[in-house]
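Listed below, chain by chain, are the residues.
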Amino acid sequence: MSCQLSFYKVLLSIVNTVLSLLGIGLIALSVYELNSSTPGTFEHVAVVVQIFIGSFIILTSFTGCIGTCRHSLSLIWSYVMCVGFLLAFQLYIIVAAHSTDYVLNARNDFNNLWSNYTLNEDRISSIETSNHCCGRNSSLDYEHIVGAIPKKCYLNQERTLENLFKEGCLEVLEENASKNSQIGLTVKWIIFFLELCALGLASLLGINLRNKRRREQFEN
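Here the structure is a predicted model, which means the values were calculated and not measured.

*Asks:* Explain the domain arrangement of the chain here, please?
*Replies:* By a frequent convention, interface size equals the accessible area lost on bringing the separate parts together. With domains assigned, the chain is organised as domain 1 (1-101 + 185-219) and domain 2 (104-171). The distance between the C-alpha centroids of domain 1 and domain 2 comes to 41 Å.

Quick look at the structure:
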């Protein structure tokens, strides 16, 4: 029994450590994406939700580690309930992610910005600078708006043909949305399966620890 409990403790500690690292990585990635997303858009809301999930994963893993080390049944069962909540929420997020067209959302968000170029000029300039793109479809779009290609469409704002951002921002944002959605789904599925393992291991640890204490009381 002692070996079995030690085995569960080691495995659960490893899973919790990996989950904590994934939670930290998810928060770091979300903060980076938050700075490049437009407030009020679907992307911005999704990033905020990711930060919440990452924080909750870290707190839950911390609770699991303490409960495991101290052999605290109350903490272990609290951990089981938290992981169960995370699993349900994570499953909902995965279903929502599979049914969401992130490329379409990115396209619509940028088209809305471009349709009010004067009002959103600063935001569009930030997107162009961070993604090394120019205009909606190409730098030629500016010939219809301001009559010339602005300096922001050049690397380091140096007006040379080699430094010109040749890709349109719409295409770049669609490619980024497609890539990020695939990475995001992969990370979500990995976290889901690790949480499932954590739930099973914590439940087994709690049951075995409870049975051990009952036997000790009976023997005494």
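*Asks:* Explain the pattern of salt bridges here, please?
*Replies:* Tallied over the entire structure, the rule returns 2 salt bridges. Across the pair Glu 174 and Arg 107 runs a salt bridge whose closest N-O atoms are separated by 2.6 Å. Separated by 67 residues along the polypeptide, Glu 174 in helix α6 (residues 169-219) and Arg 107 in helix α4 (residues 102-115) bring together distant segments of the chain. Look at Arg 107 and you get partly exposed, because its relative accessible area is 30%. The partner of Glu 128 in a salt bridge is Lys 152, with the nearest N and O atoms 3.4 Å apart. Of this pair, Glu 128 sits in helix α5 (residues 121-131) while Lys 152 sits in the loop between α5 and α6, and the two are 24 residues apart along the sequence. The buried category is assigned to Lys 152, whose relative accessible area is 14%.

*Asks:* Honestly, the nonpolar core in this entry has me stumped. Any pointers?
*Replies:* Soluble globular proteins tend to bury their nonpolar side chains together. Grouped together as the largest cluster of nonpolar side chains are 25 residues, with contacts concentrated most on Leu 12, Val 15, Leu 19, Ile 57, Tyr 79, Ala 198 and Leu 205. Among the elements that make up this core, the one with the highest residue count is helix α3 (residues 73-99) (9 residues). Among the nonpolar cores identified, the runner-up in size contains 18 residues, and Leu 113, Tyr 154, Phe 165 and Val 172 belong to it.

*Asks:* Explain the packing of aromatic side chains here, please?
*Replies:* By convention here, two paired aromatic rings are described through the distance between centres and the angle between planes. Under the criterion given, the structure shown has 11 aromatic pairs. Their ring planes at 85° and their centres at 5.8 Å tell us that Trp 189 and Phe 192 sit as a pair that is edge-to-face. Taken together, the residues Trp 189 and Phe 192, both in helix α6 and 3 residues apart, mark about one turn of the helix. Classification of Phe 192 by relative accessible area gives buried; the value is 13%. Linked through ring pairs, Phe 52, Phe 56, Phe 85 and Phe 89 together constitute an aromatic cluster.

Rules and cut-offs
For every chain, the first residue of the written sequence is number 1, and numbering continues from 1 onward in sequence order. Predicted model: local features are reported for residues with pLDDT of at least 70 only, side-chain atom pairs are reported and counted for 80 or more only, and whole-chain, interface and lining totals are derived from all residues. Neither water nor hydrogens contribute to the side-chain values; these are computed over all heavy atoms in the structure. Residue ranges assigned to the domains are those given by an automatic or database domain assignment. The salt bridge definition used is simple: a Lys or Arg side-chain nitrogen within 4 Å of an Asp or Glu carboxyl oxygen. Only DSSP runs of H or I reaching four residues or more are called helices, and only runs of E reaching two or more are called strands; each is numbered from the N terminus. Any residue under 20% of the maximum accessible area for its type is buried, any over 50% is exposed, and the rest in between are partly exposed; the area is computed with a 1.4 Å probe on protein chains only. Buried Ala, Val, Leu, Ile, Met, Phe, Trp, Tyr and Cys residues that are joined via side-chain atoms within 4.5 Å together make up what is termed a nonpolar core. Only Phe, Tyr and Trp rings take part, Trp by its six-membered ring, and two of them pair if their centres are within 6.5 Å. Stacked means planes under 30 degrees apart, edge-to-face means over 60, and tilted covers everything else.

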